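Topology and contacts: notes
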Amino acid sequence: MAMIELKDVSKWYGSFQVLNGCTTSVEKGEVIVVCGPSGSGKSTLIKVVNALEPFQKGTIHVDGISVSDPKTDLPKLRSRVGMVFQHFELFPHLTITENLTLGQIKVLKRSEEEAKTRGLKYLDRVGLIEQKDKFPGQLSGGQQQRVAIARALSMDPICMLFDEPTSALDPEMINEVLDVMVGLAKEGMTMMVVTHEMGFARKVANRVIFMDRGQIVEDASKDDFFGKPRSERAQQFLAKILHN
Amino acid sequence: MGSFDFDVIARSLGYLFREGMVFTLTLTALAAVGGIVFGTLLAMMRLSSFKWLSLAATGYVNLMRSIPLLLVIFWFYFLVPYIGAWLTGAARPIHVGAFASSVITFTMFEAAYYSEIMRAGIQSIPRGQVWAGYALGLNYWQTMGTVVLPQAFRNMIPILLTQTIILFQDTSLVYVLSITDFLGAASKVAQRDSRLVEMYLFAALVYFIVSFGLSLLVKRLQQKIAIVR
Amino acid sequence: MKYNWNWGILWQTSIDGQNTWIMMLIHGLGWTLFAALCAGVIALLLGSVIGVVRTTDHKWLVRLGNAYVELFRNIPLLVQLFLWFFVIPELLPKAFGSAIKQMPPPWGSFVPAVIGLGLFTAARVAEQVRAGIQSLPRGQRMAGTALGLTQAQTYRHVLLPMAFRIIMPPLTSETMNLIKNTSVALTIGLVELTAAARSMQEFTFQVFEAFTAATVIYIIVNLVVVNLLRWLEKSVAVPGFIGPAAVGGGGH
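About the criteria used
Residues numbered from 1 in each chain as written. Chains lettered and ligands numbered in written order. Predicted model: local features only at pLDDT ≥ 70, side-chain atom pairs only at ≥ 80, totals over all residues. Heavy atoms only, no water. Helix = DSSP H or I, 4+ residues; strand = E, 2+ residues; numbered from the N terminus. Rg over C-alpha atoms; globule rule 2.2 N^0.38 Å. Buried < 20%, exposed > 50% of the residue type's maximum accessible area, 1.4 Å probe, protein only. Contact = heavy atoms within 4.5 Å. Areas by Shrake-Rupley, 256 points an atom, 1.4 Å probe, with all protein chains shown as cover. Lys, Arg positive; Asp, Glu negative; His and termini not counted. Charge placed at Lys NZ, Arg CZ, Asp CG, Glu CD. Buried area = accessible area lost by both parts, 1.4 Å probe. Polar contact = N/O pair within 3.5 Å; in protein donor to acceptor, adjacent residues only side chain to side chain. Nonpolar A, V, L, I, M, F, W, Y, C, P; charged D, E, K, R; others polar. Pairing = 2+ DSSP bridges. Axes fitted to C-alpha atoms, helices over the stretch in contact; angles between N-to-C directions. Phe/Tyr/Trp six-rings, centres within 6.5 Å; stacked < 30°, edge-to-face > 60°. Lys NZ or Arg CZ within 6 Å of the ring centre and 35° of its normal. Salt bridge = Lys/Arg side-chain N within 4 Å of Asp/Glu carboxyl O. Core = buried A, V, L, I, M, F, W, Y, C linked by side-chain atoms within 4.5 Å. Patch = residues over 30% accessible without salt bridge, like charges linked within 9 Å, V, L, I, M, F, W, Y side chains within 5 Å.

Considering the overall build of chain A
Counting secondary structure elements, chain A contains 9 helices and 10 strands. Taking 2.2 N^0.38 as the reference for a compact globule, 244 residues should give roughly 18 Å; the C-alpha atoms of chain A span a radius of gyration of 18 Å, in line with that estimate. Each of the three principal axes of chain A carries a C-alpha extent, and together these read 50 × 45 × 35 Å. Burial status across chain A gives 57% buried among its 244 residues. Long-range contacts, defined as pairs at least 24 residues apart, comprise 65% of the intrachain contacts of chain A with a sequence gap of at least 6. Surface accessibility of chain A: about 10,700 Å² in total, with carbon and sulfur atoms responsible for 48%. When the 31 positive and 31 negative side-chain charges of chain A are each reduced to one mean point, those points stand 3 Å apart.

Structure below.
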């Protein structure tokens, strides 16, 4: 059984179709990179997986549980799926430690002490243990994004979703975040990553999905995608992104 | 003008402050707390995706904002006893004291204004914050309570306080119910001793000092918040 | 428990022996609107002057303007009306003061009410006008000066035309506030709409009919005025210009 399974997913904003019959799956331990031009629907695709955005047609299952079934306990399901956002979305009114423990305490009902131990373990892992008492606003973008990854990891996720995790960062900070992500991939974390960082894709992706105008145009192994992309649109996109 | 009588003020200071001002400040504090709590609920209702909840809250806020506070004071003064009787199943309108009636009136009225402030505050929080809360597995109330409202409230504190200064001034309108708030007390002394000039000038001065002083504090707070950001 | 509704009361003759109660309410509405109109004219003229003065670089004028706004904003309207009604006539020269006191009703209440409401609202208008002018790009003023316009001309032809368009929405809500605030004048004896409803309640004991009728009238006035001013706002809008975010309002 696939960890994440999308079948024929379509979504409209009013009369505008943002997702058009998207079907794909992510196996346990797989790393999938989703790319495509802006407005292609890739960010929406990753948000519907976590039911942060509703969709009108098709089905999505995470670990065998339907995301759109009204009977599904969404908070419980989401607590098992780690998510990292483009703009970090750390809670600015909470310290780094409090950011790391909020979900563990409120959702997983862990004791404050346990939550703190676990949260700080992951904070140490992303190399920011000395920042534990600061507020998000006092950290650089790259540091904030690493904290956000630690926050997601503290929930012991069965898989992780990344929504353009480096596109809001200054160039010199991109690598510190990618390094953490590469480490995760190598440990066997199941990951679905929306990104333009083709270097990351070459290094750790199993498959690459290319989207355009709400459709999955290409869904290929890494070698096939970079070696001989079938669609013209993917070729153009690659040419643009690799020659910049 | 030569007959300006400072003594009448000095003699009535105890009455003015211990009775009048205490009433005014208690009413202001209770109505502010109640108004902010109820106003926040109204704001959440207005932003809810349940259409009828949102419509009900919008209707309430617009109604309160369309009619004068004095008319609202009269409405509640007569309505609250009936509602009380309806709630308790009593046969006749129950007796509600002037103080309780004022607290209810000002809470219900100011909630409409506080709700507009809190709505703006909630809407100013980026959607990603809500997503991040949900993505952690927090439910609606947890996301609101731990992520959205603390930030919205903190951002809006200066405006909420400014509205509370307006509330403080508005409480003087309970005068029409012959209640001994600060202005009511001043007015009673003024009538009794025929010292209208002294008492009303003094009342104006006191209201000015309190309101102006508080507004300076709010300005300071605003600058502090601006620096922290 | 039961309340005896009797909507027919609105069409029964009121205490004045001639008009029905509904007519009395409408009569009250007339005074509400008339007082608001007179006070509004004062507020708009005086408020604009003070608002403009606060954006000039005359240090003392700015301070004076600021002092005016703080003074009238930090004293409750009700207390201000008491000052105009009870206190000011006493402080004026005797002949003048007693002439005011002997004005026949309703002018004895109407005049102090209009002065009080006008000066109170002027402070709020001044605040909007100042914010409106300051929200304009600084280059506008420089461009006016660079063309050789005097300061007065720059205000008249460059700054104010845009500033007033920008502050139309907050001025609309100030207008509504003014109409509602007119009710405070009932404390000094002006029989406007709320006072009329109150006296209907006192004489007929049909509390909720009286207040419902007044509420409905206020809502209608609200709708009419808001739409009228919105239409005005649209008809003076400058094509292609989207104003900066509305200037903060607040209060009532």
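Quick look at the interface of chain A and chain B
With 22 residues of chain A at the interface, the matching set in chain B holds 18 residues. Each partner contributes to the roughly 1,700 Å² buried at the junction of chain A and chain B, and carbon and sulfur atoms together form 66% of this total. Its largest share of buried area at the contact with chain B, chain A owes to Glu89, Phe91 and His93 of chain A, together 30% of the area lost on that side. The interface formed by chain A and chain B contains 4 residue pairs in polar contact (both at pLDDT 80 or more). For the side of chain A that touches chain B, the class distribution of residues is 11 nonpolar, 4 polar and 7 charged.

Points about the sheet that holds strand β1 (residues 4-13) of chain A
Residue and element names in this part refer to chain A. Spatially, 4 strands are ordered β2-β1-β4-β5 in an open sheet, and the strand pairing comes out antiparallel. Both edges of this open sheet fall to β2 (16-26) and β5 (65-66), since each of them pairs with a single strand only. As judged from the 5 bridges shared by β1 and strand β4 (residues 57-62), these two strands associate in the antiparallel manner. Across the sheet, the residue bridging to Ser10 is Lys57, located in β4.

Thoughts on the sheet that holds strand β10 (residues 215-221) of chain A
All names here are of chain A. Spatially, 6 strands are ordered β6-β7-β8-β3-β9-β10 in an open sheet, and the strand pairing comes out mixed. The open sheet terminates on both sides in strands that have one partner only, identified here as β6 (81-84) and β10. For this sheet, the mean inter-axis angle between neighbouring strands, taken without regard to orientation, is 15°. Of the pairings in the sheet, the one linking β6 to strand β7 (residues 159-163) comprises 4 bridges and is parallel in character. In the sheet register, Val84 faces β7, and the bridge partner there is Phe162. Its contacts with the sheet put helix α5 (residues 141-153) on β6 and β7, and the angle it makes with β6 is roughly 170°.

Quick notes on helix α1 (residues 42-49) of chain A
Residues and elements named next belong to chain A. Within α1, 8 of the 8 residues are buried, which leaves it mostly tucked inside the rest of the structure. Where α1 is concerned, the buried positions are Lys42, Ser43, Thr44, Leu45, Ile46, Lys47, Val48 and Val49. Ala51 sits one or two residues past α1 and shows a positive phi near 60°.

With respect to the packing of aromatic side chains
Evaluation of the coordinates by the stated rule reveals 30 aromatic pairs over all chains. The interplanar angle of 50° and the centroid separation of 5.3 Å between the aromatic rings of Phe109 of chain B and Tyr113 of chain B together place this pair among those described as tilted. Of the two residues, Phe109 of chain B and Tyr113 of chain B are both situated in helix α4 (residues 98-123); the distance of 4 residues between them amounts to about one turn of the helix. Each of the two residues, Phe109 of chain B as well as Tyr113 of chain B, counts as buried. In textbook terms, an aromatic cluster arises when at least three aromatic residues are bridged by ring pairs, as seen for Phe74, Trp75, Tyr77, Phe78 and Tyr82 of chain B together with Trp5, Trp7, Phe208 and Phe211 of chain C. Taking the ring centre of Phe91 of chain A as reference, the NZ or CZ of Arg151 of chain A above it sits at 4.7 Å.

Quick look at the arrangement of the chains
In this assembly 2 pairs of chains touch, with chains B and C having more contacts than any other pair. The least C-alpha distance between chain A and chain C, which are not in contact, is 25 Å.

Looking at the interface of chain C and chain B
Opposite the 35 residues of chain C that make contact, chain B presents 42 residues. Counting across the chain C and chain B interface gives 6 residue pairs in polar contact (both at pLDDT 80 or more). If one sorts the elements of the side of chain C that touches chain B by residue count, helix α10 (residues 207-235) of chain C sits on top with 9 residues. Its residues assigned to classes, the side of chain C that touches chain B comprises 20 nonpolar, 10 polar and 5 charged.

Here we look at unusual backbone geometry
For residues besides glycine, phi is generally negative; the peptide bonds are generally trans as well. In this model, Pro105 of chain C is joined to Pro106 of chain C through a cis peptide bond whose omega is 0°. Inspection of the secondary structure puts Pro106 of chain C in the loop between α4 (94-101) and α5 (107-134). Notably, Lys109 of chain A is not glycine yet its phi reads approximately 60°, a positive angle. With a phi close to 55°, Ser178 of chain B is a non-glycine residue in the positive phi region.

Observations concerning the pattern of salt bridges
Under the definition given, this model contains 27 salt bridges over all chains. Residue Arg213 of chain A pairs with Asp212 of chain A through a salt bridge whose shortest N-O separation is 4.0 Å. Looking at Asp212 of chain A, the relative accessible area reads 10%, which means it is buried. Its salt-bridge partner being Arg192 of chain B, residue Asp193 of chain B comes within 2.8 Å of it at the nearest N-O pair. The exposure class assigned to Asp193 of chain B is partly exposed, which follows from its relative accessible area of 23%.

A look at the nonpolar core
Counting residues in each nonpolar core, the largest one holds 156 residues, and the members touching the most others are Ile4 and Met192 of chain A together with Leu25 and Phe211 of chain C. Aside from chain neighbours lying at most four places away, what touches Ile4 of chain A is Thr24, Ser25, Val26, Val49, His61, Cys159, Leu161 and Met192 of chain A. Core analysis: the next-biggest nonpolar cluster, separate from the first, contains 48 residues, Leu153, Val177, Val180 and Val182 of chain A among them.

Digging into the environment of Pro239 of chain C
You can see Pro239 of chain C is positioned in the segment after α10. Sequence-wise, Pro239 of chain C and Phe120 of chain C are 119 residues apart; in three dimensions their C-alpha atoms are separated by 34 Å.

Quick notes on a nonpolar patch on the surface
All names here are of chain C. A surface patch of nonpolar side chains, about 600 Å² in accessible area, is lined by Phe34, Leu37, Val41, Leu45, Trp107, Val111 and Ile115. Looking at the nonpolar patch, the elements that each hand over two or more residues are α1 (21-53) and α5. Structurally, Ile115 is set in helix α5. Owing to a relative accessible area of 30%, Ile115 belongs among the partly exposed residues under this scheme.

Some remarks on the pairing of β4 of chain A
Residues and elements named next belong to chain A. Two strands pair when backbone bridges link them, and β4 and β5 are joined in this way by 2 bridges, in the antiparallel orientation. Bridged to Val62 within β5 is Ile65. Counted between consecutive antiparallel strands, the loop separating β4 from β5 contains 2 residues, among which Asp63 sits at a positive phi close to 55°.

Things to note about the side chain of Gln144 of chain A
Residues and elements named next belong to chain A. Locating Gln144 in the fold gives a position in helix α5. Among the residues examined, Gln144 registers a relative accessible area of 14% and is labelled buried. With sequence-adjacent residues up to four places away left out, Gln144 is seen in contact with Phe88, Leu90, Pro136 and Leu139.

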